[in-house]
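Spelled out from the first residue to the last, the chains are:
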Amino acid sequence: MKSIYSKFVLTTIAIILASTLIGFFVANTYYHQVMKPLNDEKNLKVAQQITSYIEAQQQLDLEKYLVNIASIGYQLYLIDETGRDRFFGAEFKNNQLLEKVKSDVLAGNYYHGMKEFPRETFVTGFFANELRNTIGAPFKHENKQYAIFLRPDIKLLFNEVHTLLGWMIVIMLISSISLVVISSKFLVQPIAKLTSATKKIQEGNFNIALDINRQDEIGRLAKNFEEMSSKLRQLDEMRTEFVSNVSHDFQSPLLNIQGYAHLLEQEHLSQQDKAAYIGIILQETTRLSLLTKQLLLLTSLEKEESYSKAKIFDLMKQLKELVHKYMWLLDEKKVTLTYTIPPVQFYGDPALLYNVWENLLTNAIKYNRENGEIRLTVCDEENQLQVIITDTGIGMKEEEKNRIFERFYRADLSRTRSIEGTGLGLSIVYKVVSLHQGTISVVSEWQAGTTFIVTLPKL
Ligand code: ADP
């Protein structure tokens with residue numbers, strides 16, 4: 001059987017049947033161990049009462065009396081010393097009885113056929129309607145020796161109880177099996193829903209609504225499953241958007257390179273045009289190279305081991321070198337930079353952090369106005385370090401500010417179109433700062449300037 005439903009139903013039915021069998025078995029053992037001797041004793045007393053009554057009433061019409069006893073619920077077998085015998089009451093299914101037993105009782109002994117009845121399963125000892133399964137008692141009547149064998153007529157005495165018990169067991173079995181069939185459907189149904197949902201996910205459909213409102217483990221599983229599928233959907237959307245952004249960002253410089261390469265093929269081309277075309281091609285390849293470098297860095301930052309190169313390094317030296325590196329750009333843009341950098345040693349990944357400062361500084365230069373200013377401040381506090389970069393550039397609107405850390409996001413293209421960029425820089429910054437368990441905040445005023453504050457805990 002393949003479905004969990006049929007497995008569950010079959011297992012439960014098997015358990016019900018097995019426990020019924022165990023019940024029978026235990027009851028049988030109990031009968032043989034405890035009840036059988038008691039039953040024997042009880043019936044012995046009855047036999048003794050009957051025989052002593054017969055012996056006391058010598059005038060008694062034996063036949064009539066025994067017919068009477070049989071009619072109140074006993075099966076009897078009477079034999080006298082001459083071997084003449086007679087049955088009273090309901091017939092025995094099996095009339096076999098050893099001659100030795102008969103002569104033994106006729107000789108004055110009692111026969112404990114009930115106690116000695118062989119051990120069999122299913123309480124048959126109690127119900128076995130056999131002459132062997134009786135109590136034998138001797139008595140004297142009209143100077144003749146008799147032996148009487150007796151057992152209660154179970155059919156007559158317990159017929160109603162018998163039927164009642166039988167029906168009870170049948171109804172119990174039918175109702176428990178049908179209840180199991182119904183209730184397991186209810187239990188297993190959500191699992192079937194979950195299974196078809198996983199199939200949907202496999203096929204790339206992440207819109208999952210399970211409609212399982214339960215408080216138990218399956219309910220929690222369904223809730224987690226829905227959350228997981230919604231995360232998967234977000235990831236899938238991000239992946240598609242990312243691929244389309246990457247393709248677009250590669251496509252435009254490649255088209256430019258192709259176009260200008262074709263133009264270079266022309267025969268009569270002035271030196272000036274040639275230099276201009278080559279310049280554009282070089283610019284576009286630089287852009288492509290930067291893009292690939294940033295993409296590779298971003299992907300490597302997703303991996304766990306990206307923070308494994310942390311060590312103590314001289315932050316002041318690193319920042320001063322960076323400023324030095326960008327002197328030419330500052331000059332070109334006519335932007336003045338002032339800084340306050342105390343000597344500070346910091347534990348972190350120097351290469352990654354260099355990327356952070358570089359991105360923030362180049363942004364502050366790129367998005368500045370002519371004759372603008374940049375202020376770089378490092379605050380070395382007891383438990384943390386703050387690096388603050390303030391510029392007097394184009395600033396950002398509130399809605400732009402909320403999106404700048406997204407991959408490929410570039411604010412208002414009409415303003416930034418002339419400025420080179422990939423939209424990946426701040427995503428890298430954000431990721432690196434998070435890896436160092438730090439935070440980054442931004443304060444910006446539209447057309448007035450922007451301040452980035454990086455706070456890194458000292459670990
Ligand atoms: P880009 O390569 O475009 O600079 P970033 O991820 O570094 O990509 O920045 C994302 C966007 O955030 C930029 O396109 C720009 O619109 C905005 N931005 C970043 N830094 C500044 C800044 N100092 N002043 C104004 N806008 C900025």
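Please read all numbers here as calculations on a predicted model, not as lab measurements.

## As for the overall build of the protein chain
Within the protein chain, the regular secondary structure consists of 14 helices and twelve strands. Here the C-alpha radius of gyration of the protein chain, 51 Å, is well above what a compact globule of 459 residues would show, namely 23 Å. Referenced to the eigenvectors of the C-alpha coordinate spread, the extents of the protein chain come out at roughly 155 × 60 × 35 Å. Among the 459 residues that make up the protein chain, the fraction classed as buried is 40%. Counting every atom, the protein chain has about 27,700 Å² of accessible surface; 58% of that belongs to carbon and sulfur. The averaged location of the 53 negative side-chain charges in the protein chain is 2 Å from the averaged location of its 51 positive side-chain charges.

## Side note on the pattern of salt bridges
Tallied over the entire structure, the rule returns 14 salt bridges. For the salt bridge of Lys223 with Glu227, the shortest nitrogen-to-oxygen distance reads 3.5 Å. Of this pair, Lys223 and Glu227 both sit in helix H7 (residues 217-265), four residues apart, roughly one helical turn. Judged by its relative accessible area of 52%, Lys223 falls in the exposed class. We classify Glu227 as partly exposed; its relative accessible area is 41%. Because the salt bridges share partners, they merge into one network encompassing Asp80, Arg84 and Lys144.

## Here's the deal with the environment of Val323
Counting through the fold element by element, Val323 comes out in helix H9 (residues 315-325). Linking Val323 and Leu337, residues 14 residues apart in sequence, is a C-alpha distance of 8.5 Å. Ignoring sequence-local partners within four residues, the contact set of Val323 consists of Leu337, Tyr339, Leu361 and Leu376.

## Details of the site of the ligand
By nearness alone, 20 residues border the ligand, and Asn363, Tyr367, Arg410, Thr422 and Leu426 come closest of all. In this structure, a nitrogen atom belonging to the ligand sits 2.9 Å away from a side-chain N or O atom of Asp391. At 3.4 Å, a side-chain N or O of Thr450 approaches a nitrogen atom of the ligand. In isolation the ligand offers 530 Å² of accessible surface; the protein chains occlude 98% of this area. Those elements giving two or more residues to the shell around the ligand turn out to be helix H11 (350-366), helix H14 (425-435) and strand S12 (449-457). Within the shell around the ligand, the residues separate by chemical class into nine nonpolar, eight polar and three charged.

## Here's the deal with unusual backbone geometry
When glycine is set aside, most residues are seen to have a negative phi, and most peptide bonds are trans. Phi is positive for Glu142, close to 45°, though the residue is something other than glycine. If you trace the backbone, Glu142 turns up in the loop between strand S4 (135-141) and strand S5 (144-152).

## Digging into the sheet that holds strand S2 (residues 85-88)
What the five strands build is an open sheet, ordered S2-S1-S5-S4-S3; its pairing is antiparallel. Sheet topology places S2 and strand S3 (111-112) at the edges, where each strand pairs with a single neighbour. Relative to S5, strand S1 (residues 74-80) runs antiparallel, the two being bridged by seven bridges. Among the inter-strand pairings, Tyr77 is bridged to a residue of S5, identified as Phe149. Running at roughly 10° to S4, helix H1 (residues 4-56) makes contact with S1, S3, S4 and S5 of the sheet. Sheet strands in contact with helix H3 (residues 99-106) are S1, S3, S4 and S5, and its direction is about 120° off that of S5.

## Remarks on the domain arrangement of the protein chain
We note that the domain assignment places domain 1 (4-160), domain 2 (217-300) and domain 3 (306-457) within the protein chain. For domain 1 and domain 2, the distance between their C-alpha centroids amounts to 98 Å.

Thresholds applied
Residues numbered from 1 in each chain as written. Predicted model: local features only at pLDDT ≥ 70, side-chain atom pairs only at ≥ 80, totals over all residues. Heavy atoms only, no water. Helix = DSSP H or I, 4+ residues; strand = E, 2+ residues; numbered from the N terminus. Rg over C-alpha atoms; globule rule 2.2 N^0.38 Å. Buried < 20%, exposed > 50% of the residue type's maximum accessible area, 1.4 Å probe, protein only. Areas by Shrake-Rupley, 256 points an atom, 1.4 Å probe, with all protein chains shown as cover. Lys, Arg positive; Asp, Glu negative; His and termini not counted. Charge placed at Lys NZ, Arg CZ, Asp CG, Glu CD. Salt bridge = Lys/Arg side-chain N within 4 Å of Asp/Glu carboxyl O. Contact = heavy atoms within 4.5 Å. Near = heavy atom within 4 Å. Polar contact = N/O pair within 3.5 Å; in protein donor to acceptor, adjacent residues only side chain to side chain. Nonpolar A, V, L, I, M, F, W, Y, C, P; charged D, E, K, R; others polar. Pairing = 2+ DSSP bridges. Axes fitted to C-alpha atoms, helices over the stretch in contact; angles between N-to-C directions. Domains from an automatic or database assignment.

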